[in-house]
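Architecture at a glance
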Amino acid sequence: MKIATWNVNSLAVRLPQLLSWLDTEKPDLVVLQETKLTDDKFPQAELSEAGWHAQWFGQRTYNGVALLSRGQAAEAVMRNIPGFDDEQARLIAGSAAGLRIVGAYFPNGQAPGSDKFAYKMRWLDALREWLREELEEHPKLVLLGDFNIAPADCDVHDPVLWAGQIHCTDEERTHFRALLGLGLHDAFRLFEQPPKLWSWWDYRNLAFRKNQGLRIDHILVSEALKPRVVACRIDKLPRKNERPSDHAPVIVELGG
DNA sequence: ATGGCCGGATCTTCCGGA
């Protein structure tokens, strides 16, 4: 069973690449971020034609998330964090294949001290408190998506340059550790990994060619699922496409 | 050559992203 997350940075632009990637990689469950599409524009027909069930939750210009599944449609689908009043479409959760899947596009935060940073902190508080309950109801849970947090200096191409910058602040990293404190595990770090492997590279400055990036897209698995994780990897290939997303997909493989 | 982007909404120019 393969579960993947990909920030596609506009599904309208990236749909052909997504369909091609799905055909190649053949995951079972996929969450997408930054679809940037209102719900009426979601490419349900194209995905259905390719054999995918889809649930989606979008808005104009920014944000937007989706949950794709093969075989059966996800059930008990939730959109955004219950009880957290939010105008932005950032989270979709659903049950499939005996798992609870929570796909999220965490706020960027822009800069420490900004209003957007304060919103990011509030959103993270609400996410954690909701997940605490969700984990009790659904012990087999996967939280995955674009976290917009580089958990540690080894997740940053130049930790000195990025020290204290957005994605790398102590406040954000404390929130990431608090999620782990719920009994979640960073699937990527369950394995020996090559150094300097990132999930995002800036479009500017030839960052991908120079491998200047951050690891900010993550897959967290619950305690009950940890023994089933057999692999976790970042797929850099789509970043080499013409007109790529600036993010790479991350894939976890579950056995059992 | 020491800087180089992208997508979306419009405004041929800006904002936000990370």
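Look above for the structure.
Rules behind the numbers
- Residues numbered from 1 in each chain as written.
- Chains lettered and ligands numbered in written order.
- Predicted model: local features only at pLDDT ≥ 70, side-chain atom pairs only at ≥ 80, totals over all residues.
- Heavy atoms only, no water.
- Pairing = 2+ DSSP bridges.
- Helix = DSSP H or I, 4+ residues; strand = E, 2+ residues; numbered from the N terminus.
- Axes fitted to C-alpha atoms, helices over the stretch in contact; angles between N-to-C directions.
- Contact = heavy atoms within 4.5 Å.
- Near = heavy atom within 4 Å.
- Polar contact = N/O pair within 3.5 Å; in protein donor to acceptor, adjacent residues only side chain to side chain.
- Nonpolar A, V, L, I, M, F, W, Y, C, P; charged D, E, K, R; others polar.
- Phe/Tyr/Trp six-rings, centres within 6.5 Å; stacked < 30°, edge-to-face > 60°.
- Buried < 20%, exposed > 50% of the residue type's maximum accessible area, 1.4 Å probe, protein only.
- Parallel < 35°, antiparallel > 145°, perpendicular 65-115°, else oblique.

Here the focus is the sheet that holds strand 4 (residues 65–69). Spatially, 6 strands are ordered 3-4-2-1-14-13 in an open sheet, and the strand pairing comes out mixed. Both outer strands of the open sheet, strand 3 (53–57) and strand 13 (229–234), are each paired with one neighbouring strand and no more. Put simply, the sheet's adjacent strands are angled 10 degrees from each other on average, direction ignored. Here 5 bridges tie strand 3 to strand 4, and the two strands are oriented antiparallel to one another. Each residue of the ladder has a partner; that of Gln-55, found in strand 4, is Leu-67. The strands that helix 1 (residues 11–25) touches are strand 1 (2–7), strand 2 (29–33), strand 4, strand 13 and strand 14 (250–254); relative to strand 1, the one it contacts most, it runs at about 160 degrees.

The next thing to look at is the protein's contact with DNA strand B. Residues in close proximity to DNA strand B total 25 residues, the closest being Ser-10, Glu-34, Asn-108, His-167 and Trp-200. For DNA strand B, the backbone makes up 68% of the atoms found within 4 Å of the protein, where backbone means sugar plus phosphate. Within the side chain of Glu-34, a nitrogen or oxygen atom sits 2.6 Å from a phosphate oxygen of DNA strand B. One of the side-chain nitrogen or oxygen atoms of Arg-60 is found 3.5 Å away from a phosphate oxygen of DNA strand B. Of the residues contributing to the surface near DNA strand B, the split by class is 7 nonpolar, 9 polar and 9 charged.

To continue, consider the environment of Val-102. Within the secondary structure, Val-102 sits in strand 7 (residues 99–105). Leave out the neighbours within four places in its chain, and Val-102 touches Leu-91, Ile-92, Ala-93, Trp-130, Leu-131, Leu-141, Val-142, Leu-143 and Leu-144.

The next point concerns the sheet that holds strand 6 (residues 91–96). Pairing in this open sheet of 6 strands is mixed, and the strands run 5-6-7-8-12-9 from one edge to the other. Sheet topology places strand 5 (75–79) and strand 9 (184–186) at the edges, where each strand pairs with a single neighbour. Averaged over all neighbouring strand pairs, the angle between strand axes comes to 20 degrees, with direction disregarded. Bridge count between strand 8 (residues 141–146) and strand 12 (residues 217–222): 5 bridges; the pairing is antiparallel. Across the sheet, Val-142 pairs through a bridge with Val-221, a residue of strand 12. Packed onto the sheet, helix 5 (residues 170–181) meets strand 8, strand 9 and strand 12 and runs at close to 125 degrees relative to strand 9.

Counted according to the given criterion, the structure contains 6 aromatic pairs. Taking 4.4 Å as the distance between ring centres and 5 degrees as the angle between the ring planes, the aromatic pair formed by Phe-42 and Trp-56 counts as stacked. Of the two residues, Phe-42 is situated in the loop between strand 2 and helix 2 (44–49) and Trp-56 in strand 3; the sequence distance between them amounts to 14 residues. On the accessibility criterion, Trp-56 (18% relative accessible area) is buried. Members of the aromatic cluster, connected to one another through ring pairs, are Phe-106, Trp-123, Phe-147 and Phe-176.

It is at 10 Å that the axes of helix 3 (residues 115–137) and helix 5 come closest, and there the two elements cross at 10 degrees. Here helix 3 is positioned roughly parallel relative to helix 5, judged by the angle of their axes. Facing Phe-117, Lys-120, Met-121, Leu-124, Asp-125, Leu-127, Arg-128 and Leu-131 of helix 3, the residues of helix 5 in contact are Glu-171, Glu-172, His-175, Ala-178 and Leu-179. Of the residues belonging to the contact of helix 3 with helix 5, the class tally is 7 nonpolar, 1 polar and 5 charged.

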